[in-house]
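This is what each chain is made of:
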Amino acid sequence: MYRQRFLYSLYRHTHWVRCAKFSPDGRLIVSCSEDKTIKIWDTTNKQCVNNFSDFVGFANFVAFNPNGTCIASAGSDHTVKIWDIRVNKLLQHYQVHSGGVNCVSFHPSGNYLITASSDGTLKILDLLEGRLIYTLQGHTGPVFTVSFSKGGELFTSGGADAQVLLWRTNFDELTCKDIFKRNLKRLHFDSPPHLLDIYPRTPHPHERKVETVEINPKLDVIDLQTSTPPVVDILSFDSTTTMETTVRTLPEKGEEVCGYFLNPSLMSSECSPTNLKKKTEDMSDLPSESQRPIPLAVADALEHIMDQLNVLTQTVSILEQRLTLTEDKLNDCLENQQKLFNAIQKS
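Residues numbered from 1 in each chain as written. Predicted model: local features only at pLDDT ≥ 70, side-chain atom pairs only at ≥ 80, totals over all residues. Heavy atoms only, no water.

As recorded in an unreviewed UniProt entry, the protein goes by the name POC1 centriolar protein homolog B, listed as coming from Vicugna pacos. If you open the UniProt record of the protein and go to Sequence similarities (unreviewed entry), you find "Belongs to the WD repeat POC1 family." (UniProt positions renumbered as here; feature names shortened; annotations may be inferred.)

What follows is the structure, given as C-alpha cells:
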C-alpha cells in the first residue's frame with residue numbers, strides 16, 4: 001500500500017473467491033471459494049499450506065479467531081464451522097440458521113462468535129460451552145454483515161433493509177474467575193476439551209506453577225487418585241445438598257441404578273442400592289431447608305437468569321421506543337391525508 005504497486009497472486013482456487021482474511025500476526029491468509037474449499041496460505045513462500053473441503057455447499061465468509069489458531073467459516077448450507085488449523089481438525093459444527101450464513105465475527109476475547117444469515121437473524125454462539133445463547137431479530141430481510149467493536153462492548157449489523165443497527169453486548173469483559181466458574185460446571189474431568197479449554201487434564205511441563213489458588217471452603221474435595229472415586233454431582237458443591245439430590249433421583253423398580261448417574265463407569269460400592277436406602281433412612285438427620293446454604297451453581301444460574309432478564313427488559317424498551325416512533329409517523333400520515341382530503345373537498 002505504501003508503494004501502491006501489485007505484489008503477487010495466489011493461484012489454487014477454481015471458482016470465484018468469496019472472502020480472504022489475514023491472520024492476526026499477518027503470516028497467514030485464509031480464503032474461501034465457490035469451489036467448496038477453504039485454503040490457508042503462507043505469505044512468506046506464497047504457497048497453499050492447508051486445504052479444507054468438508055462442505056456440502058460453499059463458504060461465504062471466513063475469519064481468524066483473535067489468537068490466530070482457529071478459523072470460522074460461514075456456509076451457504078446454513079452451517080457455521082470452527083476449524084483448528086494447528087491439527088487440521090473440525091472442532092465445532094453449528095446448524096442454527098434456516099438460511100445461508102453470510103458473515104461471522106469473533107468477540108475480542110475469542111469466547112463468542114456472532115453470525116449473520118439470510119434468514120434475517122443474528123446468532124451469538126458461546127464457543128466455550130459450544131451452544132447457542134442468543135438469537136437477535138432486528139432486520140427485515142437478509143443480514144449480510146456483522147462486526148464486533150475493538151473492545152467487544154458493541155457490535156454492528158447491516159442487511160438488505162438498508163439499515164445499520166448498533167447493538168450493545170453484556171459480555172464485554174470475561175474475567176479469569178468467571179472462566180473458572182464456568183469450567184467447574186463441566187460434567188466430569190475427563191470430558192472432551194473445549195475450543196479454548198483452560199481446564200487442562202495435566203499441567204504443561206513448561207508452564208510456571210500457579211502460586212495462589214482460590215479455594216471454596218464449602219467444597220468437598222474428592223480424592224481423584226483412588227481407583228473407584230465416588231460419583232458426585234458437581235453442579236452442587238454442598239455435601240448435604242448432593243446427598244439429597246442423589247436420594248431424590250432413585251430409579252423406579254425394575255430399572256438400572258447406573259442409568260441415573262453422570263458416569264456409570266465411576267459408580268462405586270458406596271452408591272449401591274442398599275447404601276442408597278440407608279441414606280434415605282438417614283435423611284431425618286439432615287438440616288432443615290432454611291438452614292441449608294444455597295449451592296454456588298444455583299446462585300450462578302440465578303445470576304445468569306437475571307442477566308438474561310435484564311437483556312430482555314432492554315430489548316422490550318427498545319421495541320417500545322420503535323413502536324412509539326411508528327405510531328407517531330402513522331399519526332402524521334393520517335393528519336396529512338386528512339388535510340389533503342379536506343383540501344380536495346374545498347376545491
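**As for unusual backbone geometry**
Despite not being glycine, Asn88 has its phi angle at roughly 55°, a positive value. As for its position among the elements, Asn88 is in the loop between strand E7 (80-84) and strand E8 (89-94). (Helix = DSSP H or I, 4+ residues; strand = E, 2+ residues; numbered from the N terminus.)

**Quick notes on the environment of Gln308**
Looking at where Gln308 falls in the secondary structure, it is placed in helix H4 (residues 296-346). For the pair Gln308 and Asn170, spaced 138 residues apart in the sequence, the C-alpha separation amounts to 9.2 Å.

**Remarks on the sheet that holds strand E3 (residues 38-42)**
Reading across from one edge, E1-E2-E3-E4 is the order of the four strands in this open sheet, with antiparallel pairing throughout. This sheet does not close on itself; its edge strands, each paired only once, are strand E1 (17-22) and strand E4 (47-52). The average angle at which neighbouring strand axes cross in this sheet is 20°, direction not considered. As defined by bridge partners, strand E2 (residues 28-33) adjoins E3 across five bridges and the pair is classed as antiparallel. (Pairing = 2+ DSSP bridges. Axes fitted to C-alpha atoms, helices over the stretch in contact; angles between N-to-C directions.)

**Re the packing of aromatic side chains**
Tallying each qualifying case throughout the model produces three aromatic pairs. Between Phe52 and Trp83, the ring centres sit 4.7 Å apart and the planes meet at 35°, which makes this aromatic pair tilted. Pair noted here: Phe52 is in strand E4 and Trp83 is in strand E7, with a separation of 31 residues, a long-range link. Residue Phe52 shares its accessibility class with Trp83, and that shared class is buried. Measuring from ring centre to ring centre gives 5.9 Å for Phe155 and Trp167, while their planes differ by 5°; the resulting arrangement is stacked. Of this pair, Phe155 sits in strand E14 (residues 154-159) while Trp167 sits in strand E15 (residues 164-168), and the two are 12 residues apart along the sequence. Joined through ring pairs, the aromatic side chains of Phe148, Phe155 and Trp167 make up one cluster. The side chain of Lys46 reaches across the aromatic face of Tyr8, ending 4.7 Å from its centre. (Phe/Tyr/Trp six-rings, centres within 6.5 Å; stacked < 30°, edge-to-face > 60°. Buried < 20%, exposed > 50% of the residue type's maximum accessible area, 1.4 Å probe, protein only. Lys NZ or Arg CZ within 6 Å of the ring centre and 35° of its normal.)

**Overview of the UniProt feature "repeat: WD" (unreviewed entry) in the protein**
UniProt's entry tags residues 10-51, 62-93, 94-135 and 136-167 with the feature "repeat: WD" (unreviewed entry), counted in the numbering of this structure. Annotated as 0% helix and 59% strand, the span residues 62-93 places its first and last C-alpha atoms 14 Å apart. Segment residues 136-167 splits into 0% helix and 53% strand. End C-alpha atoms: 10 Å apart.

**What about the confidence of the model for the protein?**
Model confidence for the protein is summarised by a mean pLDDT of 75, while 64% of its residues fall at 70 or above. Note that residues 183-191 has pLDDT below 50 and, in this model, 24 contacts with residues that lie over four places away or in other chains. Of the regions scoring below 50 in pLDDT, residues 232-271 engages in 73 contacts with residues more than four places distant in sequence or in other chains. (pLDDT = per-residue confidence, 0-100. Contact = heavy atoms within 4.5 Å.)

**Concerning the sheet that holds strand E13 (residues 143-148)**
Strand order in this open sheet of three strands is E13-E14-E15, and the pairing throughout is antiparallel. The sheet terminates laterally at E13 and E15, the two strands that pair on one side only. Pairwise comparison of adjacent strand axes, ignoring direction, gives a mean angle of 20° for this sheet.

**Some remarks on the nonpolar core**
Core analysis: the biggest nonpolar cluster contains 43 residues, and Ile38, Ile71, Val104, Leu113 and Phe155 have the highest contact counts within it. Element by element, the count of residues in this core is highest for strand E5 (residues 59-64), at five residues. The contacts of Ile71, once residues within four sequence positions are left out, are Val30, Ile38, Ile40, Phe52, Ala63, Phe64, Lys81, Ile82, Trp83 and Ile85. (Core = buried A, V, L, I, M, F, W, Y, C linked by side-chain atoms within 4.5 Å.)

**Concerning the pairing of E14**
When E13 meets E14, the two strands line up antiparallel, connected through five bridges. Looking across to E14, one finds that Val146 is bridged to Ser157. The turn linking E13 back onto E14 is made up of five residues, and Gly152 within it adopts a positive phi angle of 90°. The pairing of E14 with E15 spans five bridges and is classified as antiparallel. Following the sheet pairing, Ser157 is matched in E15 by Leu165. From the end of E14 to the start of E15, which pair antiparallel, there are four residues, and Ala162 there has a positive phi angle of about 60°.

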